[in-house]
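Listed here are the chains, written in short residue letters.
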Amino acid sequence: SSPCDRPVPPTAGLSHDKWEIHPMELMLMEELGSGQFGVVRRGKWRGSIDTAVKMMKEGTMSEDDFIEEAKVMTKLQHPNLVQLYGVCSKHRPIYIVTEYMKHGSLLNYLRRHETTLIGNMGLLLDMCIQVSKGMAYLERHNYIHRDLAARNCLVGSENVVKVADFGLARYVLDDQYTSSGGTKFPIKWAPPEVLNYTRFSSKSDVWAYGVLMWEVFTCGKMPYGRLKNTEVVERVQRGIILEKPKSCAKEIYDVMKKCWSHGPEERPSFRVLKEQLALVAQTLT
Ligand SMILES: CS(=O)(=O)c1ccc(C(=O)Nc2cccc(-c3cn4ccnc4c(Nc4ccc(C(=O)N5CCOCC5)cc4)n3)c2)cc1
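Residues numbered from 1 in each chain as written. Predicted model: local features only at pLDDT ≥ 70, side-chain atom pairs only at ≥ 80, totals over all residues. Heavy atoms only, no water.

Got a sec to walk through the site of the ligand? Specific residues and values, please.
By nearness alone, 20 residues border the ligand, and Phe37, Lys54, Glu99, Met101 and Asp165 come closest of all. Contacts to the ligand include Lys54, whose side-chain N or O atom sits 2.7 Å from an oxygen atom. Within the backbone of Met101, a nitrogen or oxygen atom sits 2.9 Å from a nitrogen atom of the ligand. When residues of the shell around the ligand are traced back to their parent elements, those giving at least two are strand S1 (26–35), strand S3 (49–56) and strand S5 (95–99). (Near = heavy atom within 4 Å. Polar contact = N/O pair within 3.5 Å; in protein donor to acceptor, adjacent residues only side chain to side chain. Helix = DSSP H or I, 4+ residues; strand = E, 2+ residues; numbered from the N terminus.)

Laid out in structure tokens, this is it:
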């Protein structure tokens, strides 16, 4: 009998978890890059949707916990967040499928386009404002990023900038990355309370956001240059902060400095930051 005259059971489609993507619906394409977590490839989902597919090398993340969290992450939707479309978790390695951003990471984009970007304060400020919008959305949803930095933001067409990999750090198994004493821990983006007590909050994301602003206005320089992690920890605990980037207006550096207030409660929220930067943008451009 043809399907149309068979009654559709009410549970149709519900059993198949909507955050679960069927590998048959994914066509994998060129490699975009790789890291200790595995390989990232471009993909086409259901024939037409451009995606990035992170193929997580086994042993790099606590997969079951992540798959559980993926249900929540797929619900976080904002124009300045890289959308998680779903996961392929019925095979190993698991695939994390997100929207595709064609210009890659913000850090590489800044470094690749330094000559045209360095004098364009309006564009650099707009990139920072876009990130603050994505982060204000996460803050509103009590969602902490834990690894905000220019390397974890992505650039799409028309200079769209989106925050990626929010919350992913919780599932990384490599304790060189997760413990503040580890060689891969993002020390240069961490505030005193994270260095001393690993106390993450939206206000520790705000500190990291200040460092991201410094990365943007230096077009991708490494914060604190070649200083060793131990030297950076010592400076941060003594209240020594990053110097003002040359091509950065005083008003913009004033905002960065507020993000680097020693006490988390002295730092502005992303909601306030977003508004302050919009005001600075009006006066500067
Ligand atoms: C710290 S951790 O949790 O272990 C962790 C570590 C790494 C990652 C991660 O996703 N890394 C990672 C590595 C490579 C590519 C990605 C990556 C992730 N994406 C998500 C959405 N879009 C992308 C994308 N797009 C790219 C990347 C590169 C190019 C490119 O080849 N270009 C050259 C020509 O000019 C244009 C740009 C183009 C698009 N690249 C992500 C995520 C989490």
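Describe empty space enclosed by the protein, listing the residues and the values that go with them.
Counted according to the given criterion, the structure contains one cavity of 30 Å³ or more. As a volume, the largest cavity reaches approximately 100 Å³. No other element matches helix H7 (residues 202–217), which puts three residues into the lining of the largest cavity. Of the residues assigned to the lining of the largest cavity, the class counts are nine nonpolar, one polar and three charged. (1 Å grid on protein atoms, 1.4 Å probe; cavity = no way out; pocket = protein on both sides within 12 Å on 5 of 7 lines; lining within 4 Å. Points joined across faces, edges and corners; volume = space filled by probe spheres on them. Nonpolar A, V, L, I, M, F, W, Y, C, P; charged D, E, K, R; others polar.)

Which residues make up the pattern of salt bridges, and what values do they have?
Where charged atoms from two side chains of opposite charge approach closely, those side chains can pair. What the rule picks out here adds up to 16 salt bridges. A salt bridge links Glu68 to Lys71; its shortest N-O distance comes to 3.0 Å. In this pair, Glu68 and Lys71 both sit in helix H1 (residues 63–73), three residues apart, roughly one turn of the helix. Its relative accessible area of 47% is what places Glu68 among the partly exposed residues. Take Lys71: its relative accessible area is 23%, and that puts it in the partly exposed class. Across the pair Glu99 and Lys162 runs a salt bridge, and its minimum N-O distance is 3.0 Å. Note that Glu99 is positioned in strand S5 and Lys162 in strand S7 (residues 161–163), a separation of 63 residues in sequence. Assigned by exposure class, Glu99 and Lys162 land together as buried. Counted as one network, the salt bridges with shared partners bring together Glu30, Arg42, Lys44 and Asp50. (Salt bridge = Lys/Arg side-chain N within 4 Å of Asp/Glu carboxyl O. Buried < 20%, exposed > 50% of the residue type's maximum accessible area, 1.4 Å probe, protein only.)

Mind laying out the environment of Leu154, listing which residues take part and the relevant values?
Structurally, the position occupied by Leu154 is in strand S6 (residues 153–155). Leu154 sits in the partly exposed class, given a relative accessible area of 23%. Apart from the residues within four sequence positions on either side, Leu154 is in contact with Val82, Met101, Gly104, Ser105, Leu106, Val160, Val161, Lys162 and Ala164. (Contact = heavy atoms within 4.5 Å.)

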